[in-house]
Amino acid sequence: MNCETARLMLDRNDPDLARHLLSCPSCRIRTYAPYYEAPPGLENKILRKLREENGPASTLFPWRWLAIAASLLLAASVIWNVVQLRTRVDSRQLLAANVLSAHIRSLAGTHLLDVPSSDQHTVKPWFNGKLDFSPAVKDVSGFPLLGGRLEYFDGRPAAALVYGRQHIINLFTWPSTVPATVAEETRNGFHLETWSAGGMTYWAVSDLNEAELRQFVSLYRN
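The following paragraphs examine the structure supplied in this document. (Residues numbered from 1 in each chain as written. Predicted model: local features only at pLDDT ≥ 70, side-chain atom pairs only at ≥ 80, totals over all residues. Heavy atoms only, no water.)

### Quick word on the sheet that holds strand E7 (residues 200-206)
Piece 1. Taken in spatial order, the 7 strands of this open sheet run E1-E2-E3-E4-E7-E6-E5, and their pairing is antiparallel. With one partner strand each, in any of the chains shown, strand E1 (115-116) and strand E5 (182-187) form the two edges of the open sheet.
Piece 2. Note: strand E2 (residues 145-153) against strand E3 (residues 156-165), 8 bridges, orientation antiparallel. Paired with Gly147 across the two strands is Val162, which belongs to E3.
Piece 3. With respect to the sheet, helix H7 (residues 210-221) is in contact with E3, strand E4 (167-175), E5, strand E6 (190-197) and E7, its orientation differing from that of E6 by roughly 20°. (Pairing = 2+ DSSP bridges. Helix = DSSP H or I, 4+ residues; strand = E, 2+ residues; numbered from the N terminus. Contact = heavy atoms within 4.5 Å. Axes fitted to C-alpha atoms, helices over the stretch in contact; angles between N-to-C directions.)

See below:
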């Protein structure tokens, strides 16, 4: 896949985009780093500062301080965008680490399931009154539902839907305003896939092989 094809896929939230993002830093930045405008009033502050420093004489050469102002505005805009990108990437990396930690804790401890059931009509109602949203509990062919439990991310409750296929799959979901994205990564032998759709964020985590986890995600999304 080339970058031109990937750019067309950004607006369609195509699952195949994730594989291209892993090998193309420029497209990964384009996906996770939307353009941020400079803060309101920055231009006026810079111009006012230049007038104060140059004094009345600066009116004789307006082009001079205007060129300086333009350069400063460009530098400020670049710095602002870099800071916003770094904050966004750092936040996503921190969230990925927290999601993986929750998955590992559920395997190592005794709190894998709050509601053990293979019946989606039992699991889904269990979350009523415990969450301010209704998670999409689905039957996924070849990946039996084991139950669900509550988790917490970013200071808010989330649903953990648990599926099995020789290995445990934790599917975490909660409401989100993040634009629709698709990404996958591997950490310490665990595979993570994340996407956003319909105002919800999803993270699927497992030490199941990548192909099967990708299959699970595809079946769940369809």
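So much for the structure itself; the text now carries on.
### Observations concerning H7
Piece 1. Relative to the 16 Å expected for 12 residues at 1.5 Å per residue, H7 spans 16 Å between its end C-alpha atoms, a close match to the ideal helical length.
Piece 2. Restricting attention to buried positions, one finds in H7 the residues Glu212, Leu213, Phe216, Val217 and Tyr220. Projection of H7 onto a plane perpendicular to its axis shows the buried side chains occupying an angular sector of 140°, all on one side.
Piece 3. Regarding H7, its N-cap is Asn209, as a side-chain oxygen of that residue lies 3.2 Å from the backbone nitrogen of Ala211 further along. (Expected span 1.5 Å × (residues − 1). Buried < 20%, exposed > 50% of the residue type's maximum accessible area, 1.4 Å probe, protein only. Arc of directions from axis to C-beta. Polar contact = N/O pair within 3.5 Å; in protein donor to acceptor, adjacent residues only side chain to side chain.)

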